[in-house]
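Close look at the chain arrangement
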Amino acid sequence: MDDTLLWNGANKCNSIHAEQGPDFPTVLQGWRLRREWEAHLRVFCGEWRSLSPDDPDDPYPATMNGCANQRFLIRWRSIGGAPVRFGCGTVAGNIGTIVENELSAPAVCGWAELHGCGWPLWQFVEQKNGGNLGDIAVAVQSWIASA
């Protein structure tokens, strides 16, 4: 199957998946690529983490306004292969993190299509050897609606 068909551009809701994601598209009908970047994130047990809007080099520009005006395509993997919980939701300083959708089981990689208000969320799963943190490699495309 053509990978571009998996990134449909409909952007009606957040969609998360637990497997290696398709290649990023170069074109999405009705959308213009704003930017693409890679990030690394440290995640811990019992605490949901996301990409930072305050990162000076690569801010994650989700907003509570105009959710349909932008979208994010995300691919990620656990560095070292430890499974993590993956979900999406809302991150706001005044209300905390609200998980709206979560995979049914921890995964070592995944992908997501998120609307402009959607945040990717990760949480480390405690390991039998007592490990309680891990690192995630993330690739992001940010798209904005075009005329």
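One structure accompanies this document, and this report is about it. Within any chain, residue numbers begin from 1 and follow the written order of that chain's sequence. Local features are withheld for residues below a pLDDT of 70 in this predicted model, meaning they are given only at 70 or higher, and side-chain atom pairs are given and counted only at 80 or more; totals for whole chains, interfaces and linings count all residues. Excluded from the side-chain calculations are hydrogens and water; all other atoms, namely the structure's heavy atoms, are used.

Observations concerning the packing of aromatic side chains
Note on ring pairs: Phe, Tyr and Trp rings are taken, using the six-membered ring of Trp, and paired if centres are within 6.5 Å. Classes follow the plane angle, with under 30 degrees stacked, over 60 edge-to-face and the rest tilted. Taken as a whole and assessed by the stated rule, the structure comprises five aromatic pairs. By the ring-pair criterion, three or more aromatic residues cluster together here, those being Y60, F72 and W119. Over the face of the ring belonging to W37 we find R35, whose NZ or CZ atom lies 4.2 Å from the ring centre. Consider the ring centre and the ring normal. A charge sits over the ring if Lys NZ or Arg CZ is within 6 Å of that centre and within 35 degrees of that normal. Across from the ring centre of W31, 5.6 Å away, lies the NZ or CZ of R71, which sits over that ring.

Let's talk about the sheet that holds strand 1 (residues 15-17)
Overall, antiparallel pairing links the five strands, which are arranged 1-6-3-8-2 in an open sheet. A strand with exactly one partner marks an edge of an open sheet, and here the two such strands are strand 1 and strand 2 (31-44). Averaged over all pairs of adjacent strands, the angle between strand axes in this sheet comes to 15°, irrespective of strand direction. Following DSSP output, two strands are said to pair if at least two bridges run between them. Segments assigned H or I by DSSP are reported as helices when at least four residues long, segments assigned E as strands when at least two residues long, and all are numbered from the N terminus. Taken together, the 10 bridges between strand 3 (residues 70-79) and strand 8 (residues 133-145) define a ladder with antiparallel strand orientation. Convention adopted: a line fitted to C-alpha atoms gives each axis, helices being fitted over their contacting stretch, and angles between N-to-C directions are expressed from 0 to 180 degrees.

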